[in-house]
Amino acid sequence: MKLTVQEIGRMVNGKVIGDGSRQICGVAGLEEAGAQDLSFLKDVRQLDLLNHSQAGAILVPPPVAKASPSNGKVMIVVDHPFAALSVILKQIEKEKRSLPEGIHPTAIVHPTAVLGAGVSIGAYTIIEAEARIGAGSRLYAQCYVGKASQLGPECLLYPQVVIREDVSLGARCIVHSGTVLGADGYGYLPIEGRHQKIPQVGKVVIEDDVEIGANCTIDRATLGTTRIGSGTKIDNLVQVAHNVQIGPNCLIIAQAGIAGSSRLGKGVTLAGQVGVSDHIKIGDGAVVGPQGGVTSDVPAGQIYWGSPAQPHLQEKRQRVMLRKLPELLGKNTRKDKPS
Amino acid sequence: MKLTVQEIGRMVNGKVIGDGSRQICGVAGLEEAGAQDLSFLKDVRQLDLLNHSQAGAILVPPPVAKASPSNGKVMIVVDHPFAALSVILKQIEKEKRSLPEGIHPTAIVHPTAVLGAGVSIGAYTIIEAEARIGAGSRLYAQCYVGKASQLGPECLLYPQVVIREDVSLGARCIVHSGTVLGADGYGYLPIEGRHQKIPQVGKVVIEDDVEIGANCTIDRATLGTTRIGSGTKIDNLVQVAHNVQIGPNCLIIAQAGIAGSSRLGKGVTLAGQVGVSDHIKIGDGAVVGPQGGVTSDVPAGQIYWGSPAQPHLQEKRQRVMLRKLPELLGKNTRKDKPS
Amino acid sequence: MKLTVQEIGRMVNGKVIGDGSRQICGVAGLEEAGAQDLSFLKDVRQLDLLNHSQAGAILVPPPVAKASPSNGKVMIVVDHPFAALSVILKQIEKEKRSLPEGIHPTAIVHPTAVLGAGVSIGAYTIIEAEARIGAGSRLYAQCYVGKASQLGPECLLYPQVVIREDVSLGARCIVHSGTVLGADGYGYLPIEGRHQKIPQVGKVVIEDDVEIGANCTIDRATLGTTRIGSGTKIDNLVQVAHNVQIGPNCLIIAQAGIAGSSRLGKGVTLAGQVGVSDHIKIGDGAVVGPQGGVTSDVPAGQIYWGSPAQPHLQEKRQRVMLRKLPELLGKNTRKDKPS
């Protein structure tokens, strides 16, 4: 599954500048791209990034090719670079992916469920009473959609997604295999030395354009709503507890976990394996580094590292100090001895 | 899915004191409850907690209402507050949840399997040979129960639970979607530079009243038994390795993992993302804080923090020291210079 | 499910030396084995290990029994100890496990899919177009194999495994329940303040003799291939991101996660809950300790601990220092006062 620059050029009606025989096997942003990655550049203001990029080939608009004709980079000149990139990848995706078509005869759709126009439902998928599936949504095989749950238009569920009752997804949501939306939140009250279950009867609301990776768990609220804001993208094996509120356009990387009732603002990034304690607020645009453990509120725009997480410069300084300790304290000890 | 205090009062035949129009959308203990949470108070000895509670409304028994008639709190007076709370939540749950009823015609039940009275089995669920399902147990759609596995009475399996062969669950266990009970333990022997699989032929025993969240993995023992004690509650995405022994009434929070052959006593709490190494003993009532990494035994009743985990006061002191280091060692360095 | 030493002796035609009534309920290596474990010894060069072993019983070859006839250990003398061990465990496994036999009438196999000789496919399992299942492979119930995916000979899929399109497995691979192979990698480009999905159209290649635990997620590459090398063994709830390359004979313990495009050499061990950042290289034979966070390359043969991970002796020294800090800096402070 490799393409040459030449082949990519043909797919997007672009003009290749430089070595068209180069092998491309990935796609990345200009700054992260390596020698086998395709990247793209939006306009001339990014020219400096272009010059420093290691990308194997770069989709560029005509003004960039004019402004920097002989920079040694392999370029594919197209009118709209990102659109061209999407063309390439979607074309490949179309060839390779077999989407469910129509309602499979083994799908079990309750008579009170409502399916929009053009809905596809795969084999052995179950749609319970009063569920509503929006127009053009495609559910692969072996999924489960519980009572009164709703999917907006153009949603995509991969095989073996479980959506419990009273969960709603907006338009164009994608949910990957093995993910469970709307399992009971983890709530017990200590009664006479035993943990007495608090029934979890709230909802889950997933807004538009959310993508959720494989084997995630997003629990329903006790009462009220667990909410994932529009455009937020969740990686694999992520835990979102009951009553959590995640704002729009957040990035939640693999194996992160967010405990009950915590709130993330807009555009928050949680790196891999981050843990957020319960009832925490994380402000807009904040970033928590990998394996960070958030035990107190994070103000908007801040970068937090460490466990417990703290402002990253502070964490960095302490890490440096810690690394120097054997030397520093060794010296002190030697100094002490003569006295 | 919001209720007013007045509506709640009617549901439990309680007398409302204060503003009945308040919106309630959650349930919490007295100390954690916020302005939109319903809480409850057991008896007059908790009066002090009542006065400091931020709860939007509090279910109280008559003696409390008498002892503290005009405390400014919104109260709902009922004979048995926790019973009333359960009534409210179970009532809501009943309205919203669609339980499987009867044996669905697409369920595949092996002729040698034994189903107790009143068992319900959802669509596309499979019960293998010699399995036994206790009276009143309800299995949602698309579950798998392996050969010779047993469920006690009144168990509840949500969609897409996998129970492999030779796994036994006690009475009233609840298992959430995507959880796998009885996968092979992770065991290999290094033979001539390769990892040779040790067949895993032991069992899993889940005692009464255990609840296990979504997408957990509880492995079978190599030989012998992996055991989860009665009343223990396990959150989502938790890993329990082969031959682990968990005592009764433990709380294991999301994404925690317990390695092979470790033993937890009674009432142990592992917070989110805790890791426990293999062959560790954790004593009764011990608590390990979030992201803790337990690499040595934890005595009963102790609170451990950090990775590697240590007594929490010790960990706390070191964290404070570490935070002060830049200042402290900066000072030392300056002091050293003139000498 | 316990066996006495005597019973084990009979199963392998071995001669028991010592107390044959001892109960055995586990299997372990000589150094880790406890009083209820069976272990084994390859040849006389391991005699010293034998003497220090706590194992309840040890399978030994005749030369060992001759060289150390009266060492107080319970021994079972057999010609080939590891072969004997496997006989015992496989015998038990055979009795207990019910493998799928033949093609279940409810299995849905696309007419263009190709099944090798002796393939078994369980109830409600789905094989999509152009998929190929190698001779002798056994798929339990409720699995999904996507378009054009391939399984080599003698593979074993437990119930509810999801293999998406364009995934290939070599010979003798084992995949446990709930695992998802080939979900989309997590890739987005920031376009006008939104995260625009990069279609993920690469492959997953799993080489021969790989075993993957329950509820793991191994994502397909953006373009190119995510690869797991032959003989590598992956525990439960492990995340492998797009374009990751894992070498042969690695051990990846539960809840570890490897971010995009990182590369592990041969025989690498990642302990439980380890996180590896993206684009990292870990050399042959390197080991990362539990909860380690790898943010820079790890040279071959090194042992790394901590988060961020560093050479373990360095980490150890810093941990010791940190533990002594309250005392050391307390002393410094007292010393400072008089001056």
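Check the entry above for the structure.
Calculation rules
Residues numbered from 1 in each chain as written. Chains lettered and ligands numbered in written order. Predicted model: local features only at pLDDT ≥ 70, side-chain atom pairs only at ≥ 80, totals over all residues. Heavy atoms only, no water. Contact = heavy atoms within 4.5 Å. Buried area = accessible area lost by both parts, 1.4 Å probe. Salt bridge = Lys/Arg side-chain N within 4 Å of Asp/Glu carboxyl O. Polar contact = N/O pair within 3.5 Å; in protein donor to acceptor, adjacent residues only side chain to side chain. Helix = DSSP H or I, 4+ residues; strand = E, 2+ residues; numbered from the N terminus. Nonpolar A, V, L, I, M, F, W, Y, C, P; charged D, E, K, R; others polar. Pairing = 2+ DSSP bridges. Buried < 20%, exposed > 50% of the residue type's maximum accessible area, 1.4 Å probe, protein only. Least-squares fit on C-alpha atoms with pLDDT ≥ 70 in both. Phe/Tyr/Trp six-rings, centres within 6.5 Å; stacked < 30°, edge-to-face > 60°. Lys NZ or Arg CZ within 6 Å of the ring centre and 35° of its normal.

*Asks:* Please clarify how the interface of chain B and chain A should be interpreted in this entry.
*Replies:* Frequently, the measure chosen for interface size is the accessible area removed from exposure when the parts meet. Between chain B and chain A, the residue contacts involve 60 residues of the former and 70 residues of the latter. For the pair chain B and chain A, the two sides together bury roughly 5200 Å², of which 59% comes from carbon and sulfur. Arg194 of chain A is the salt-bridge partner of Asp209 of chain B, the closest N and O atoms lying 4.0 Å from each other. For the pair chain B and chain A, the number of links is 24 residue pairs in polar contact (both at pLDDT 80 or more). Among the secondary structure elements, those contributing two or more residues to the side of chain B that touches chain A are strand S4 (26–27), helix H4 (81–96), strand S27 (233–234), strand S30 (251–252) and helix H5 (312–336) of chain B. Residue classes in the side of chain B that touches chain A are distributed as 28 nonpolar, 20 polar and 12 charged.

*Asks:* Explanation requested: the sheet that holds strand S17 (residues 162–163) of chain B in the structure shown.
*Replies:* Sheet strands line up and pair through hydrogen bonds in the backbone, either parallel or antiparallel. All names here are of chain B. With parallel pairing, 10 strands are arranged side by side in an open sheet as S8-S11-S14-S17-S20-S25-S28-S31-S34-S37. Two strands close off the open sheet at either side, each with one partner strand: strand S8 (108–109) and strand S37 (293–294). Direction of pairing for strand S20 (residues 180–181) relative to strand S25 (residues 217–218): parallel, over a ladder of 2 bridges. The residue of S25 that forms the bridge with Val180 is Thr217.

*Asks:* Could you clarify how one ought to interpret the side chain of Thr125 of chain C in this entry?
*Replies:* Structurally, the position occupied by Thr125 of chain C is in the loop between strand S10 (120–121) and strand S11 (126–127). Since its relative accessible area comes to 0%, Thr125 of chain C is described here as buried. Within polar-contact distance, the side chain of Thr125 of chain C engages the backbone nitrogen of Gln142 of chain C at 2.9 Å. Excluding its chain neighbours within four sequence positions, the residues that come into contact with Thr125 of chain C are Gln142 of chain A together with Ala107, Ile108, Leu139, Tyr140, Ala141, Gln142 and Cys143 of chain C.

*Asks:* What is the right way to look at the sheet that holds strand S7 (residues 75–77) of chain A in this model?
*Replies:* Residues and elements named next belong to chain A. Strands sit in the order S2-S7-S6-S5-S4 across an open sheet of 5 strands; the sheet is mixed. Each edge of the open sheet is held by one strand with a lone partner, namely strand S2 (15–17) and strand S4 (26–27). Examined bridge by bridge, S2 and S7 share 3 bridges and lie antiparallel to one another. Residue pairing across strands places Ile17 opposite Met75, the latter belonging to S7.

*Asks:* Sorry, what's going on with the interface of chain C and chain A here?
*Replies:* The interface of chain C with chain A comprises 70 residues on the first partner and 60 residues on the second. Of the roughly 5200 Å² buried at the junction of chain C and chain A (both faces included), carbon and sulfur atoms supply 59%. Together, Tyr186, His195 and Leu223 of chain C form the three largest contributors to the area buried by chain C at its contact with chain A, with a combined 14%. On the surface where chain C and chain A come into contact, there are 23 residue pairs in polar contact (both at pLDDT 80 or more). Those elements that place two or more of their residues in the side of chain C that touches chain A are strand S21 (188–191), strand S22 (194–197) and helix H5 (312–336) of chain C. For the side of chain C that touches chain A, the element with the most residues is H5 of chain C, which contributes 11 residues. In terms of residue class, the side of chain C that touches chain A is built from 28 nonpolar, 28 polar and 14 charged.

*Asks:* Sorry if this is basic, but what is going on with the relation of the copies chain B and chain A here?
*Replies:* Related by rotation about an axis and a shift along that axis, the two copies of the chain form a pair. Placing chain B over chain A gives an RMSD of 0.1 Å and needs a rotation angle of 120°, together with 0.0 Å of translation along the axis. The transformation just described matches what one would write down for a three-fold rotation axis.

*Asks:* Explain the packing of aromatic side chains here, please?
*Replies:* Aromatic rings in a pair are described by how distant their centres are and how their planes are angled relative to each other. The final tally for this structure, using the stated rule, is 15 aromatic pairs over all chains. Between the aromatic rings of Tyr140 of chain A and Tyr158 of chain A, the centroid separation amounts to 5.0 Å while the plane-to-plane angle is 25°, which identifies the pairing as stacked. Placement of Tyr140 of chain A in the loop between strand S13 (138–139) and strand S14 (144–145) and of Tyr158 of chain A in the loop between strand S16 (156–157) and strand S17 (162–163) is noted, with a sequence separation of 18 residues between them. Consider the rings of Tyr186 of chain A and Tyr188 of chain A, whose centres lie 5.0 Å apart with planes at 80°: the pair is edge-to-face. Its relative accessible area of 15% is what places Tyr186 of chain A among the buried residues. Arg164 of chain C extends its terminal NZ or CZ atom over the ring of Tyr158 of chain A, reaching a point 3.8 Å from the ring centre.

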